[in-house]
Amino acid sequence: MRLASAIAMACSFVGSAALAQAPAPAAIAATAIVEDFKPSTLNQPGQSFPQVNSQGYVRFRVLAPDAKSVKVSLGLGGRGGTVLTKGTDGAWTATSEGPLDEGFHYYHLTVDGGTFNDPGTLNFYGSTRWESGIEIPAHDADFYAIKDVPHGRVEQILFASPSTQSQRRAFVYTPPGYDAAAGTRYPVLYLQHGWGEDETAWSNQGHANLIMDNLIAAGKARPFIIVMTYGMTNDVRPGSPGGLASFDITPFRTVLIDELIPYVDRRFRTIADQRHRGMAGLSMGGFETKLIAPKNLDTFGYIGLLSGGTIAPEDVAAAPGYKDKVRLTFVSYGGRELENGKTRGGPARPSTDPAANAAALKRAGLNSVFYVSPDTGHEFQTWRRSLYRMAPLLFRD
């Protein structure tokens, strides 16, 4: 696979249309909208809009009395977004043309040609900017719900990076009981975000900490540390002339391997060996994982690509020691990503069959797991579910 096309497939195009899936126009016309709308759980305190109904439709209301046009960037069905209509009270309102997939979605407003966030919602970093966010209630949201269980902690750390002549930031999840268990050491997963996002994504949008808290409380996963840092990808613009073709993993590899990992091993009670360290990522972060981990098998024993490529037998053959050293190869996609052609608004499907590759690795004697998230595309519900499926398989001595 050529580098540019591989990165284009792996990039997390997390702006507007990439995360919104809608039925065909005929299906929309036949669907009666249920009037049980409630404020989104991601609204600013005291804000009633946007609202979501039980079918996944979204209703917007924006007060902009002097505006000439207002549109929402969700881009349902690839039809250019939801156009709002102005009322006599100066408020612009509309209901989305179709239901959204379950889970989290970024969006923004276009007001008279300018880009703005919805003042009714909280903001999340995606598309290389802080975007508005909305949550469509999921039937399986229990696995990342806030429950009455012991909770871990997500803390910000700053570490020296001589290679970039800067102090860099990472967020670290330590599992419940970490502070009290002074004699216990833990495995570590280095978990990467997608293109256009940053190190806040996995805890804010992905609920990685809540997923782990609930798994650990249920006895389904071994407690481990998660480290999330910026992947140095957002200056590489998909669609810019020569941008993706010039992508170079070397600077981030240096930051990760030579600077961040040693810092984490000094600062936290880690089990600092290959058998207790993994790397995974969503979309562009998965592609980074594929570029880094197989070439550093003395550092990483677990590899996870979430909508970020596939590991084929030829990849294993090109990485001496892979079969003996890698204890888990986990690959996942949203079901819509694997449909023929291109998902509406999303990136192209993988050029080789990831399910077939995973099966070939298993036949060759590797611990290879492939997971497909039902009815989701290149979006956070896919990656939340993927982490939920992957975490119990990690660090099982």
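> In this structure, what is going on with the pattern of salt bridges? I would like to understand it.
Note on pairing: side chains with opposite charge can pair once their charged atoms come close. Evaluated as defined, the whole model comprises 17 salt bridges. Across the pair Arg153 and Glu155 runs a salt bridge, and its minimum N-O distance is 3.2 Å. Overall, Glu155 belongs to the buried group, its relative accessible area being 15%.

> Where do I start with the sheet that holds strand β7 (residues 91-95) in this structure?
Pairing between the strands of a sheet comes from backbone hydrogen bonds, and it takes one of two forms, parallel or antiparallel. Taking strand neighbours across the sheet as the criterion, the 5 strands line up as β1-β2-β3-β7-β6 in an open arrangement whose pairing is antiparallel. If you trace the sheet from one side to the other, it starts and ends with β1 (38-39) and β6 (85-86), each paired once. Sheet topology note: the β6/β7 ladder contains 2 bridges and is antiparallel. Counted as the bridge partner of Thr85 is Thr93 from β7.

> How should the packing of aromatic side chains be read in this particular structure?
The way to describe two aromatic rings as a pair is by their centre distance and the angle between their planes. Counted by the stated rule, this structure contains 15 aromatic pairs. A ring pair is formed by Phe104 and Phe124, whose centres lie 5.0 Å apart and whose planes are at 70°; its orientation type is edge-to-face. Highlighted residues: Phe104 in strand β8 (residues 103-107) and Phe124 in strand β11 (residues 123-126), separated in sequence by 20 residues. What makes Phe124 buried here is its relative accessible area of 7%. Here the aromatic cluster, defined as three or more aromatic residues joined through ring pairs, consists of Phe104, Tyr106, Phe124, Trp202, Phe380 and Trp383. Across the ring face of Phe268, the terminal group of Arg267 is positioned such that the distance to the ring centre comes to 4.9 Å. If you follow Arg269 out to its NZ or CZ, it ends over the ring of Tyr178, 4.1 Å from the centre.

Here is what the cut-offs are and how they apply
Residues numbered from 1 in each chain as written. Predicted model: local features only at pLDDT ≥ 70, side-chain atom pairs only at ≥ 80, totals over all residues. Heavy atoms only, no water. Salt bridge = Lys/Arg side-chain N within 4 Å of Asp/Glu carboxyl O. Buried < 20%, exposed > 50% of the residue type's maximum accessible area, 1.4 Å probe, protein only. Pairing = 2+ DSSP bridges. Helix = DSSP H or I, 4+ residues; strand = E, 2+ residues; numbered from the N terminus. Phe/Tyr/Trp six-rings, centres within 6.5 Å; stacked < 30°, edge-to-face > 60°. Lys NZ or Arg CZ within 6 Å of the ring centre and 35° of its normal.

Just geometry here; none of it tells us what the structure is for.
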